[in-house]
Amino acid sequence: MSALLRQIPANIPQDIRKIRIENSHLTELPRGSFENVSALEYLWLNFNNITVMHIKSLEYLPALKELRLQGNKLSSVPWTAFQDTPALKILDLKHNRLDVLPEHALRYLPNLTYLDLSSNQLTVISRDVFYSWPVYQRSQRAEGQIEAISNAVLALHDNPWICDCRLRGFVQFIKSVGPPIILMNSYLTCSSPKFRAGKFFHEVELNSCMKPLTSALDTNLTVPVGLNVTLTCFVQASPSPAVWWTYALKLLRAFNVSTEPISEETIRSELLIPAARPADAGNYTCTAANFLGNTSVAITLRVGSPWVSTTHPGWAPIAPAEPGAHVEVRIAKQTVYGITLEWFAAAAAAADPAETWYTLLVGRYDAAQKDAIYIGPGVNTYSVTDLLPATKYEVCVAVRNQAPRKGQCVVFVTGSDVSQLEQREKLIHIVVIVCAMVLAVPAGMYACTAEARPGCLARCPGACPRRRHGGQAQAAGSKESTLDSLPAGSEDGLCRPEGGRGARRPPAREEPGKTRPPHRNSADLY
């Protein structure tokens, strides 16, 4: 018990009659696992990790009476291996992963008195499995005779049984079985389909299996552009078939397909095509298949031309307009390249808002034809983008298949290619650059120019040439000075009186006791 054994020990004494290895790490029963213990009668290997059982793993065990393999991981059992154990009476396989029981499974268990297949993954069993069991055959031959036959206990509960036509024979067997075969739990329950889940076998009546039969109410459909289209096919079959849709030999996406049962043997499959376009036209095939075969039905879809206007400004309706179906439209937001519209259909929406479709007509104001956009129920906003800048457009909203009325159209002009925000940013950049240049000019220039008399400045052009010829020495010295070094209000060197009407003004005399103000550079001014 709970030993770290990974294989059957090889040194077991030959006269051993009972072996019990549980809660260990056995993973398989290889060939000839017990060839040296031919006297073995009881073999318990419960709660290990056995996943594989060799077809000759029970070889050389003619006296084996009891085999318990409860709580392992067997998904299949080599039933022909029991040819080597003709004396076997107890076979315990509960709490494994068995999902198939072949027809010959019990054929090599003639003396079995206890068979436990509960808590596995069995879903469908043929009644022929038990009809070929020697124990059952003996009970049928001895019916009405005095011959005593030992009872056989059969445990089949806690399996996920699928109660459809494939289980019909087995259900009939369970209902009719009696001694010497005794069910440990006679209340076997269905796990699926959903409408039978939880029901007992004796409560259900199962029909015979049937190959799928597909049909459609309308195999030729014509719809306008933009309409949501639902293609429907009905399938009669038993057991429930797998259903799929194909278009141009391509399997269509499953999230556009819905399949649901409408009766015990009939299901309905629907394919949704949202906002049908001309490219969606063609043949759609609904195919159903079960283990008996498959059938299909084709539905032809034609998509009509979109509704576009041919005159301006009044578009002709393709269907009579309903009285009072007025739509109020307004622009919720406008950008350079598009707008966002909002609308409210006062009368049409009041009738049935969940079924009201709208047609949005968009185009240049002077265009003869407008692009049609179909809006589904429950939507009252739409954004039109990718429009040309500085262009006049017209947008109209109308109830589906009706002409837009007065007040249901909006005329607008898109903005220029450069937005006002971008222009404002450019202006700010220019102002900042100019201010920086102004601040870089020495403040002394302002002081000099502010004190100069306009009359003197007007005579400067005539006097400056004479100064260039006669003042070379002064020019040389001026290279060492700047405008900041000129006294404020000084006119010296700026101009000379015209026509010799006056001599050059002598420099101002300094009053005794009055000190000359110190020189100030541009940094002091700032």
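Conventions we followed
Residues numbered from 1 in each chain as written. Predicted model: local features only at pLDDT ≥ 70, side-chain atom pairs only at ≥ 80, totals over all residues. Heavy atoms only, no water. Phe/Tyr/Trp six-rings, centres within 6.5 Å; stacked < 30°, edge-to-face > 60°. Helix = DSSP H or I, 4+ residues; strand = E, 2+ residues; numbered from the N terminus. Buried < 20%, exposed > 50% of the residue type's maximum accessible area, 1.4 Å probe, protein only. Lys NZ or Arg CZ within 6 Å of the ring centre and 35° of its normal. Pairing = 2+ DSSP bridges. Axes fitted to C-alpha atoms, helices over the stretch in contact; angles between N-to-C directions. Disulfide = S-S within 2.5 Å. Salt bridge = Lys/Arg side-chain N within 4 Å of Asp/Glu carboxyl O.

(A) Highlighting the packing of aromatic side chains. Taken as a whole and assessed by the stated rule, the structure comprises twelve aromatic pairs. Both rings, one in Phe130 and one in Phe173, keep their centres 4.8 Å apart while their planes meet at 10°; by these two values the pair is stacked. With a gap of 43 residues between them, Phe130 in helix 1 (residues 128–131) and Phe173 in helix 3 (residues 168–176) connect regions that are remote in the sequence. Judged by relative accessible area, Phe173 falls into the buried class, the value being 1%. The ring of Trp44 has Lys18 sitting right over it, with the charged end atom 4.8 Å from the ring centre.

(B) Here's a closer look at the sheet that holds strand 22 (residues 339–345). Across the sheet, which stays open at both edges, the three strands sit in the order 21-22-25 with antiparallel pairing between neighbours. On the outer flanks of this sheet lie strand 21 (327–334) and strand 25 (381–384), each paired with one strand and no other. The average angle at which neighbouring strand axes cross in this sheet is 25°, direction not considered. Where strand 22 and strand 25 come together, four bridges link them in antiparallel fashion. Pairing of Glu342 across the sheet is with Thr381, part of strand 25.

(C) Representation of the state of the cysteines within the structure. Counted according to the given criterion, the structure contains four disulfides. Between the sulfur atoms of Cys396 and its disulfide mate Cys409 the distance is 1.9 Å. Between Cys396 and Cys409 the disulfide shows an S-S torsion of about 110°. By sign, it is right-handed. Of this pair, Cys396 sits in strand 26 (residues 392–399) while Cys409 sits in strand 27 (residues 409–413), placing them 13 residues apart in sequence. Since its relative accessible area comes to 1%, Cys396 is described here as buried. Sequential numbering of the bridged cysteines in the chain gives the disulfide pattern 1-3, 2-4, 5-6, 7-8.

(D) How the structure looks around the sheet that holds strand 24 (residues 371–375). Across the sheet, four strands lie side by side as 24-23-26-27; this open sheet has antiparallel pairing. Looking at which strands have only one partner, the edges of the open sheet turn out to be strand 24 and strand 27. Each neighbouring strand pair of the sheet contributes to a mean axis angle of 20°, computed without reference to strand direction. In this sheet, strand 26 lies alongside strand 23 (residues 358–364) in antiparallel orientation, the contact comprising seven bridges. In the strand pairing of strand 26, Leu361 is matched with Cys396.

(E) Region of the structure containing the pairing of strand 22. Only one face of strand 22 is covered, namely the face carrying Ile339, Leu341, Trp343 and Ala345; the face carrying Thr340, Glu342 and Phe344 is uncovered. Pairing analysis gives seven bridges linking strand 21 to strand 22, with the strands arranged antiparallel. For Val327, the partnering residue across the bridge sits in strand 22 and is Ala345.

(F) Expanded view of unusual backbone geometry. A cis geometry characterises the amide bond from Ser192 onward to Pro193, with omega recorded as -5°. Within the secondary structure, Pro193 is located in the loop between strand 11 (190–192) and strand 12 (210–215). Omega for the bond connecting Ser238 with Pro239 falls within 30 degrees of zero, at 5°, which places this linkage in the cis form. Structurally, Pro239 is set in the loop between strand 14 (229–238) and strand 15 (242–247). Phi angles above zero are rare outside glycine, and Asp158 is one such case at about 60°. Its location among the elements puts Asp158 in the loop between strand 8 (152–155) and strand 9 (161–162). Although it is not a glycine, Ala275 adopts a positive phi angle of roughly 50°. Structurally, the position occupied by Ala275 is in the loop between strand 18 (266–273) and strand 19 (282–290).

(G) Geometry of the pattern of salt bridges. Counted under the stated rule, the structure contains 14 salt bridges. A salt bridge links Glu205 to Lys175; the shortest N-O distance between them is 3.4 Å. Linking Glu205 in the loop between strand 11 and strand 12 with Lys175 in helix 3, this pair joins segments that are 30 residues apart in sequence. A residue is classified by how much of its surface remains accessible, and Glu205, at 62% relative accessible area, is exposed. The salt bridge involving Arg196 is made with Glu264; its shortest N-O contact spans 2.1 Å. Taken as a pair, Arg196 in the loop between strand 11 and strand 12 and Glu264 in the loop between strand 17 (257–261) and strand 18 lie far apart in primary sequence, 68 residues in all. Owing to a relative accessible area of 7%, Arg196 belongs among the buried residues under this scheme. Exposure remark for Glu264: the relative accessible area of 41% places this residue in the partly exposed category.

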